[in-house]
Every structure is written in C-alpha cells, then in structure tokens.
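Structural characterization, general
If you want the building blocks of each chain, they are given just below.
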Amino acid sequence: MLIAAGCFEYECQIADLESHGSAEAAALALDLTFPPQLARAVPTRRLEFLAGRLCARRALQLAGCAGRPEVSIGEQRSPVWPPGYVGSIAHGSGTAWAVVASRAHYRALGIDLEKVVAPATALELSNPVLRPEERVLARTAGLGYEQFLSLAFSAKESLYKCLNPITRVSFDFQDAEVVELILSAGLLRIALCADLLPEFKAGDLFEVRFALGAEIHTSTGIPASFCSA
Ligand SMILES: CC(C)(COP(=O)(O)OP(=O)(O)OC[C@H]1O[C@@H](n2cnc3c(N)ncnc32)[C@H](O)[C@@H]1OP(=O)(O)O)[C@@H](O)C(=O)NCCC(=O)NCCS
C-alpha cells in the first residue's frame, strides 16, 4: 500500500480541469480561490495549482473534514492545512496528487511524483543527488540506474516536504541518504545526514513508501508519536 493506514489520498489529471475553458472558470466552477501569489502565474501553473488544491480538498473530505475546505499558501510555499489535519501536495507530468491525515495520527506528511529521468539526466544528477553510499546501493537495488536515481530524488523531495513545514530548516539532497531499499515491499529507509533541530538530527531514519511506474510516487510521514533516537 503506497499510503500508510490513517492517510487519505486523491489524484486527478490536470487536463481534466481544462474542460472548464480557463483556470479562472475552473476555480469558479469548483468553488476554489486563487491566492494573490498566483495572480501573475502563467495559465499552466494556475491550472496545476488548482488541480493540487482540488485533490487536497477531496482528500480532506475523505478524511472527514466538513464543508469545502481550502488550503492556503504558507511559509516557504508550504500548504496550510485546516486545523486538525496535515497533508502534502505533488504535481508533475499532468497529474496532481494529495494525501492528508488527522493530526491525531501524523505530525506531518510528504509526497512526491517524478517521471523516470533520461540516461543523460541521470548522469548529470548523479553527483548532486546521490551520496557515494547510495551509488553503491544502486548497483544491488534491482532497479535500472535511472529508476534508482529518480526514486532517490523523489524520496528526498518527499522527506523535504514532510520535514520543512515542522522544522523550517532547508536541506539539500546530500543531507539525506537512502540506506535500505526493499523492492518487494515498495519501502525504503532514508537517513538524515545533517542535524536540522535537536529533534530531527543526523542518523534519524524515516520510512518512505513508493510505487514504480511511468511516474514514481513516494510518500512519507512523521507519526504523532515520533521520538528521535
Ligand atoms: C519544495 C520542493 C521540494 C517542491 O518541489 P516541486 O518540484 O515544486 O514539487 P511538486 O510539484 O511535486 O510539489 C509542489 C508542491 O509542494 C508543496 N510545497 C512547496 N514547498 C513546500 C515546503 N516548503 N514544504 C512542504 N510542501 C511544500 C506545495 O503544495 C507545492 O504545490 P503548490 O505550489 O501548487 O501548492 C522544492 O521546490 C524545493 O524547494 N526544494 C528545496 C530543496 C530540495 O529540494 N532539497 C532536497 C530534498 S533533500
């Protein structure tokens, strides 16, 4: 299962919103609002944003959030969830996806969607994205190099989206390392390699679920009961 127990998800195709004629018409029809930050955005970005917000609303409703919940834009672009809920939004390659959960179960969630990169891009991204030990793991992971690189990239983006809203600390691809990959379970473990806060420090391990396909989906979460080692 890609998302953990207690989580609710919704996915849509961004192109589905195009039938409304424009992002403004889609927003009106769906009763979603554009924040001022999107005022000068190009139409494709406005549609992408809207699709993410539509998924967020639907996932929140599945989680039991009443009415027509809105998710605004917070610090460092992170989504602001209605009281009592946490979640994450991803979009890419024409798809938008949101996962939410009750704060009673999770402190934070992070998800990401990535297309498998082309061989030339994998070579280019290898050093910035992978740590030396990950390049060793890539050889035995049972995946092609491009697939492994794309999966590690996506897992780190998910971890970033999960941790950034609660730590407010930025970190880089070299500050996290995939240390274990269990292909049959669609599960990997990723370790922080830098101290972010006393509570989230180098050596802390996080589980990331993944699904491989034309697009790679990854998801992670900090359980409400999380205690740093
Ligand atoms: C935040 C970030 C990971 C999002 O990347 P992206 O390519 O735009 O990814 P996606 O399209 O899948 O997701 C975008 C969504 O992520 C969410 N998001 C953006 N910034 C976020 C943050 N700081 N915290 C949590 N979620 C965030 C938003 O909902 C956004 O969609 P929206 O703008 O329509 O609301 C990236 O832009 C970034 O800032 N990275 C910082 C450095 C980094 O990558 N570190 C490596 C990780 S180890």
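Figured I'd write up the structure that's included with this text. Since the model is a prediction, treat every value here as computed from it, not as a measurement.

The rules behind the values
Residues numbered from 1 in each chain as written. Predicted model: local features only at pLDDT ≥ 70, side-chain atom pairs only at ≥ 80, totals over all residues. Heavy atoms only, no water. Pairing = 2+ DSSP bridges. Helix = DSSP H or I, 4+ residues; strand = E, 2+ residues; numbered from the N terminus. Axes fitted to C-alpha atoms, helices over the stretch in contact; angles between N-to-C directions. Contact = heavy atoms within 4.5 Å. Core = buried A, V, L, I, M, F, W, Y, C linked by side-chain atoms within 4.5 Å. Buried < 20%, exposed > 50% of the residue type's maximum accessible area, 1.4 Å probe, protein only. Near = heavy atom within 4 Å. Polar contact = N/O pair within 3.5 Å; in protein donor to acceptor, adjacent residues only side chain to side chain. Areas by Shrake-Rupley, 256 points an atom, 1.4 Å probe, with all protein chains shown as cover.

Here we look at the sheet that holds strand β4 (residues 85-92)
Neighbouring strands of a sheet are bound in pairs by backbone hydrogen bonds; such pairs are parallel or else antiparallel. Spatial strand order, β1-β5-β4: 3 strands in an open sheet with antiparallel pairing. Two strands close off the open sheet at either side, each with one partner strand: β1 (7-13) and β4. Sheet twist, expressed as the average angle between the axes of neighbouring strands with direction ignored, equals 15 degrees. In the packing of helix α2 (residues 43-62) onto the sheet, contacts are made with β1, β4 and β5 (95-102), and the angle to β1 comes to roughly 145 degrees.

Focus on the nonpolar core
Counting residues in each nonpolar core, the largest one holds 33 residues, and the members touching the most others are Phe148, Leu163, Leu188, Ile190 and Phe206. If you list the elements that add at least two residues to this core, you get α3 (119-129), α4 (132-140), α5 (145-167), β7 (176-182), β8 (187-192), β9 (205-211) and β10 (215-223). A total of 9 residues in this core trace back to one element, the largest contributor, which is α5. Setting aside residues no more than four positions away along its own chain, phenylalanine 148 makes contact with Leu130, Glu134, Leu137, Ala138, Ala141, Leu143 and Leu181. By size, the runner-up hydrophobic cluster in this structure holds 24 residues, among which are Ala23, Leu32, Val71 and Trp81.

Details of the site of the ligand
Arg45, Arg53, Glu157, Lys161 and Asn164 are the nearest of the 20 residues found near the ligand. Here a nitrogen atom of the ligand sits 2.8 Å away from a polar atom, N or O, in the side chain of asparagine 164. Relative to its unbound accessible area of 910 Å², the ligand is 82% covered by the protein chains. Of all the secondary-structure elements, those providing two or more residues to the shell around the ligand are α2, β4 and α5. Looking at the shell around the ligand, the element that brings in the most residues is α5, giving 6 residues.

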